[in-house]
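Summary of the model geometry
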Amino acid sequence: MTVQTEQQHYLNYINGKWRSSSTNDVIKISNPANVDDVVGFVQSSTAEDLNGAVEAAKSAQKKWKKLSGDQRGRYLYKAADILESRLEEVAVCMTREMGKTLPEAKGETARGVAILRYYAGEGMRKIGDVIPSTDSGALMFTTRVPLGVVGVITPWNFPVAIPIWKMAPALIYGNSVVIKPATETAITCAKVIECFAEAGFPEGVINLVTGSGSVIGQGLAEHPDVNGITFTGSNAVGKKIGQTVFSRGGKYQLEMGGKNPVIVAADADLDLAVEATVSGGLRSTGQKCTATSRVIVESEIYEVFKEKLVAKVNEITVGDGQEDGTWMGPSANAGQLQTVLSYIHKGKAEGAELLCGGERLTGSKYDKGYFVQPTVFDSVTANMTIAQEEIFGPVLALMKVDSLKEALDLANDVQYGLSASIFTTNIQKMLTFIEEMDAGLVRINAESAGVELQAPFGGMKQSSSHSREQGQAAIEFYTSIKTVFVK
Ligand SMILES: NC(=O)c1ccc[n+]([C@@H]2O[C@H](COP(=O)([O-])OP(=O)(O)OC[C@H]3O[C@@H](n4cnc5c(N)ncnc54)[C@H](O)[C@@H]3O)[C@@H](O)[C@H]2O)c1
Ligand SMILES: O=C[C@H](O)CS(=O)(=O)O
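Model, not experiment: these values are computed from the prediction. (Residues numbered from 1 in each chain as written. Chains lettered and ligands numbered in written order. Predicted model: local features only at pLDDT ≥ 70, side-chain atom pairs only at ≥ 80, totals over all residues. Heavy atoms only, no water.)

Next up on the list: the overall build of the chain. From N to C terminus, the chain includes 15 helices and 21 strands. Taken over the C-alpha trace, the chain has a radius of gyration of 23 Å; the compact-globule value for 487 residues is 23 Å, and the two agree within 12%. If one aligns the C-alpha atoms of the chain with their principal axes, the spans along those axes are about 70 × 65 × 40 Å. Relative to its full complement of 487 residues, the chain shows a buried share of 59%. Contacts in the chain between residues far apart in sequence, at least 24 positions, make up 73% of those at least 6 positions apart. Carbon and sulfur atoms form 51% of the exposed surface of the chain, whose accessible area is close to 18700 Å². (Helix = DSSP H or I, 4+ residues; strand = E, 2+ residues; numbered from the N terminus. Rg over C-alpha atoms; globule rule 2.2 N^0.38 Å. Buried < 20%, exposed > 50% of the residue type's maximum accessible area, 1.4 Å probe, protein only. Contact = heavy atoms within 4.5 Å. Areas by Shrake-Rupley, 256 points an atom, 1.4 Å probe, with all protein chains shown as cover.)

This is the structure in structure tokens:
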């Protein structure tokens, strides 16, 4: 791979203008596959920068909300076309910033284009109902009004799809936006905002402020003129944000961690189950909120499944996501690599049996990056740390059960409830799983990862603040219902 020492500085986008932070301080962004590859520099912004963005958003929203949904949608369609024309460039930037393979990055960017077009169309849909009043001389109906200024705080693992699946519904329903992306992928976000800027959105409707979570993210959560916060990230940060926003009477939406199980029943198609477990658990280096991390297998087929799974995992090619043939890239940053290695150590210490992987990859191909072997543990029990806590890395925990009831009890025995899969050819087992599995997304004979943009998405239990994103469900967070009575 050619090492690029790009010195490009990426700016904040405030009130329709690209500008440096008030201190001119910047943060270097390097490639997790090769830290000598400098992707660029982003602003280390201050509260002053943030206040300027919120002020611009508040002012711009007054006119933006008065446009029709169709008029707002035309801007989104333009942004979609521009992002589509820059797909390759944005995808390469994503791979260089956070490590996912280029095919996955291209797929995610195309997903961003599709989400923009979906919500552009939502501008033409009804937003209320006529409700018959008990007064025959009266007209009663509902309509919806935007929140106002929406703060968007996003993680590094889907740096195009998640910002867009938040900003697009916020905008189409008449809100203005201030986005603070994860610093690790702030350049990718800046490129997405460039597409919005080129689409001609009115000044102040969309604003980008990059910088630390504790300064800019927390500043958004605290800001009295930010009417709603939509956050995706870890439970620790999400809970803090929710408490902050709640304390000042704001509206918040939190989508957080997962510890997603796949149940493999004795009657499953084993090759399909193995393929989906590897893909669902290890694609994107296991850095998906819906990634499979617990593999719960009925004892009758446990050994044959285990043998097939390990053989498949050992075929995985790990390397730079820009290189052809790479199946799995690096961990997204040094901290994530250390987190994964510490959980692997914990798994060994608590008595789980390491079947494959478990080490940081070394050698000339790996020494300048954050690479870890795809890892499978056997004999994992519910009380083990690796069975309870989100690792957010390429680590699978195999657990044996003797019945579907035992499998479901185990699958539900975590604080999270984001996604879950089952592999079975038995309709009764499918129906029991659908009924009993406490997760916001349940998939049958399909991997646990894979959210379709037109369907509601969100978690149960500690995975979410219990609203839903995506599809038409998104309107519930980004608007408030107003009931109207006319005599
Ligand atoms: N449920 C979902 O839809 C979903 C999707 C993707 C990722 N995730 C979760 O995100 C996590 C990984 O992403 P991450 O490491 O970027 O999460 P994170 O919580 O560390 O950071 C998320 C965002 O919050 C910001 N932030 C950090 N500290 C903050 C603070 N004190 N106040 C305000 N903002 C702050 C970060 O800068 C970033 O923009 C995992 O737990 C994963 O499960 C969930
Ligand atoms: O992290 C975000 C979700 O996992 C998106 S998807 O399920 O991979 O589509």
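Resuming the write-up.
Counting 68 residues, the largest nonpolar core has Leu171, Phe196 and Phe201 as the members making the most contacts within it. In terms of residue count, helix 5 (residues 161-172) provides more of this core than any other element does, nine residues in total. Each of domain 1 (9-256 + 464-486) and domain 2 (260-452) accounts for three or more of the residues forming this core. Residues contacting phenylalanine 196, with those up to four places away along its chain left out, are Leu76, Ala79, Leu116, Met167, Leu171, Phe201 and Ile206. (Core = buried A, V, L, I, M, F, W, Y, C linked by side-chain atoms within 4.5 Å. Domains from an automatic or database assignment.)

Moving on: the UniProt feature "domain: Aldehyde dehydrogenase" (unreviewed entry) in the chain. The UniProt feature table records "domain: Aldehyde dehydrogenase" (unreviewed entry) at residues 18-484. A helix fraction of 40% and a strand fraction of 20% characterise residues 18-484, whose end C-alpha atoms lie 42 Å from each other. (UniProt positions renumbered as here; feature names shortened; annotations may be inferred.)

Within the secondary structure layout, arginine 294 lies in strand 13 (residues 292-298). The side chain of arginine 294 sits in the buried core without any salt bridge; aspartate 413 is the nearest counter-charge, 6.8 Å away. A polar side-chain atom of arginine 294 sits 2.9 Å from the main-chain carbonyl oxygen of lysine 259. Apart from residues lying up to four places away in sequence, arginine 294 is in contact with Lys259, Asn260, Pro261, Val262, Ala387, Ala397, Met399, Leu410, Ala411 and Val414. (Lys, Arg positive; Asp, Glu negative; His and termini not counted. Salt bridge = Lys/Arg side-chain N within 4 Å of Asp/Glu carboxyl O. Polar contact = N/O pair within 3.5 Å; in protein donor to acceptor, adjacent residues only side chain to side chain.)

This part is about the site of ligand 1. As a structural note, the neighbourhood of ligand 1 is formed by 28 residues, with Thr154, Lys180, Ser234, Met256 and Glu390 the closest of them. Here alanine 182 contributes a backbone N or O atom positioned 3.3 Å from an oxygen atom of ligand 1. Glutamate 390 places a polar side-chain atom, nitrogen or oxygen, 2.6 Å from an oxygen atom of ligand 1. Summarising the interface, the protein chains cover 88% of the accessible area of ligand 1, which totals 850 Å² for the free molecule. Where the shell around ligand 1 is concerned, the elements lending two or more residues are helix 7 (213-222), strand 10 (228-232) and helix 8 (235-247). Of the residues assigned to the shell around ligand 1, the class counts are 14 nonpolar, ten polar and four charged. (Near = heavy atom within 4 Å. Nonpolar A, V, L, I, M, F, W, Y, C, P; charged D, E, K, R; others polar.)

For the structure shown, the criterion picks out three cavities of 30 Å³ or more. Quantified by volume, the largest cavity comes out at close to 90 Å³. For the largest cavity, the lining is made up of 13 residues, of which Gly286, Ala291, Ser293, Ile391 and Phe392 are closest to its centre. Among the residues making up the lining of the largest cavity, the classes are represented as four nonpolar, six polar and three charged. For the second largest cavity, the calculated volume is near 50 Å³. If you go around the second largest cavity, the residues you meet are Ile162, Trp165, Thr232, Glu255, Met256, Cys289, Leu418, Phe457 and Glu469. The residue inventory of the lining of the second largest cavity, partitioned by class, reads six nonpolar, one polar and two charged. (1 Å grid on protein atoms, 1.4 Å probe; cavity = no way out; pocket = protein on both sides within 12 Å on 5 of 7 lines; lining within 4 Å. Points joined across faces, edges and corners; volume = space filled by probe spheres on them.)

Let us look at the packing of aromatic side chains. Counted according to the given criterion, the structure contains ten aromatic pairs. Between the aromatic rings of tryptophan 64 and phenylalanine 201, the centroid separation amounts to 5.6 Å while the plane-to-plane angle is 45 degrees, which identifies the pairing as tilted. Of this pair, tryptophan 64 sits in helix 1 (residues 47-64) while phenylalanine 201 sits in the loop between helix 6 (186-198) and strand 9 (206-208), and the two are 137 residues apart along the sequence. Tryptophan 64 sits in the buried class, given a relative accessible area of 1%. Of note, lysine 78 hangs over the ring of tyrosine 75, and the distance from its end group to the ring centre comes to 5.7 Å. In this structure, lysine 100 packs its charged tip against the face of phenylalanine 158, placed 3.7 Å from the ring centre. (Phe/Tyr/Trp six-rings, centres within 6.5 Å; stacked < 30°, edge-to-face > 60°. Lys NZ or Arg CZ within 6 Å of the ring centre and 35° of its normal.)

Below, the discussion takes up the UniProt feature "active site" (unreviewed entry) in the chain. Per the UniProt record, the feature "active site" (unreviewed entry) sits at Glu255. Looking at where glutamate 255 falls in the secondary structure, it is placed in strand 11 (residues 251-255). Given the relative accessible area of 4%, glutamate 255 is considered buried. Leave out the neighbours within four places in its chain, and glutamate 255 touches Phe231, Thr232, Gly233, Phe457, Gly458, Gly459, Ser463, Ser464, Ser467 and Glu469.

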